[in-house]
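Survey of secondary and tertiary structure
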Amino acid sequence: MADRTVNGIRGCINSLDMTVGPCVEQASNSLAREQVALMMKYLTFVSKRVNLIGDRVRFELGWYVEMGTGVAEAMQRFGQDTSELVDLCDRGKGSLALAGARQVELEAVSSVLRTEVSRILRTLAGGCQALRKAVHAVVVACSRPLIEFQRSWFAPQAWESNADQLPDVETLLAKPAPSAHAPI
């Protein structure tokens, strides 16, 4: 059977617009009207992005692997033990290499990598300034494309005043994360 998710979501939007919305309007319930409008807006957003969610998850994991690899390299230059972070990055690379890796598995690896990088940043707070600066530089450099992507991803929700100036999500997805061996 063919996947009809987008059609199903559009059907829900039409139902809200043509059936539920008018009933709520007649009831004069301002909170209910607001909620129907928010549901329609969100479902419209999801219908535009649902087919790209797997690509988004892979894109983000690629950048978190890049970030983790860069942080590990920076820390190694200062003689720090990075075995746990390196293992996590290897796990991320392995997950990305699996064509059949499930979205939930990729998201789990991204989450663990983000958490580990955050933990490292917190532990560096009172330590060597040069090490902190090197790690922060990697995190900032890798965060820029992630933030740009996330802003573009949510552009249809109209949170951005200049959403029309953001790059197209599919264009960003077409650009892979740089090689973990390239200097940042």
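Residues numbered from 1 in each chain as written. Predicted model: local features only at pLDDT ≥ 70, side-chain atom pairs only at ≥ 80, totals over all residues. Heavy atoms only, no water.

This brings us to the environment of Ala174. Looking at the secondary structure, you find Ala174 in helix 7 (residues 169-174). Taking relative accessible area as the criterion, Ala174 reaches 62% and is therefore assigned exposed. Distance from Ala174 to Thr123, taken between C-alpha atoms, is 35 Å for residues 51 residues apart in sequence. (Helix = DSSP H or I, 4+ residues; strand = E, 2+ residues; numbered from the N terminus. Buried < 20%, exposed > 50% of the residue type's maximum accessible area, 1.4 Å probe, protein only.)

Our focus in this paragraph is the packing of aromatic side chains. Scanning the model with the defined rule gives four aromatic pairs in all. Ring geometry for Phe45 against Phe154: centres 5.6 Å apart, planes inclined by 20°, an arrangement best described as stacked. Here Phe45, found in helix 2 (residues 30-49), pairs with Phe154, found in the loop between helix 6 (129-153) and helix 7; they are 109 residues apart in sequence, far enough to count as distant. Consider the rings of Phe149 and Trp153, whose centres lie 5.9 Å apart with planes at 35°: the pair is tilted. Placement of both Phe149 and Trp153 in helix 6 is noted, with a separation of four residues, approximately one turn of the helix. A relative accessible area of 0% places Phe149 in the buried class. A relative accessible area of 3% means that Trp153 is categorised as buried. Every member of this aromatic cluster is reached through a ring pair, and the members are Tyr42, Phe45 and Phe154. Above the plane of the ring of Trp153 lies Arg49, whose end atom (NZ or CZ) is 5.3 Å from the centre. (Phe/Tyr/Trp six-rings, centres within 6.5 Å; stacked < 30°, edge-to-face > 60°. Lys NZ or Arg CZ within 6 Å of the ring centre and 35° of its normal.)

For the rest of this paragraph, the subject is the side chain of Glu116. Relative to the assigned elements, Glu116 resides in helix 5 (residues 103-123). Ignoring sequence-local partners within four residues, the contact set of Glu116 consists of Glu84, Leu85 and Leu88. (Contact = heavy atoms within 4.5 Å.)

With that out of the way, let us pick up the pattern of salt bridges. Within the structure shown, the criterion is met by five salt bridges. Residue Glu25 is joined to Arg33 by a salt bridge in which the shortest nitrogen-to-oxygen separation is 3.8 Å. A residue is classified by how much of its surface remains accessible, and Glu25, at 47% relative accessible area, is partly exposed. Judged by its relative accessible area of 31%, Arg33 is partly exposed. Put simply, Glu160 and Arg151 hold a salt bridge, and the shortest N to O gap is 2.8 Å. (Salt bridge = Lys/Arg side-chain N within 4 Å of Asp/Glu carboxyl O.)

Here we take up the nonpolar core. Counting 38 residues, the largest nonpolar core has Met67, Val71, Leu85, Leu113, Val135 and Phe149 as the members making the most contacts within it. Elements with a contribution of two residues or more to this core: helix 1 (5-27), helix 2, helix 3 (53-77), helix 4 (83-97), helix 5, helix 6 and helix 7. Of the residues forming this core, the biggest block, eleven residues, is contributed by helix 3. (Core = buried A, V, L, I, M, F, W, Y, C linked by side-chain atoms within 4.5 Å.)

What follows deals with unusual backbone geometry. Glycine aside, the phi torsion of most residues is negative, and most peptide linkages are trans. One non-glycine residue, Ala158, lies in positive phi territory at about 65°. Topologically, Ala158 is positioned in the loop between helix 6 and helix 7. Owing to a relative accessible area of 54%, Ala158 belongs among the exposed residues under this scheme.

Moving on, we come to the packing of helix 3 against helix 6. The interhelical angle for the contact between helix 3 and helix 6, taken along N-to-C directions, is 170°, at an axis separation of 8 Å. As summarised for this structure, helix 3 and helix 6 are arranged roughly antiparallel, according to the angle between their axes. Taken together, the residues that form the contact of helix 3 with helix 6 break down as 18 nonpolar, three polar and four charged. (Axes fitted to C-alpha atoms, helices over the stretch in contact; angles between N-to-C directions. Parallel < 35°, antiparallel > 145°, perpendicular 65-115°, else oblique. Nonpolar A, V, L, I, M, F, W, Y, C, P; charged D, E, K, R; others polar.)

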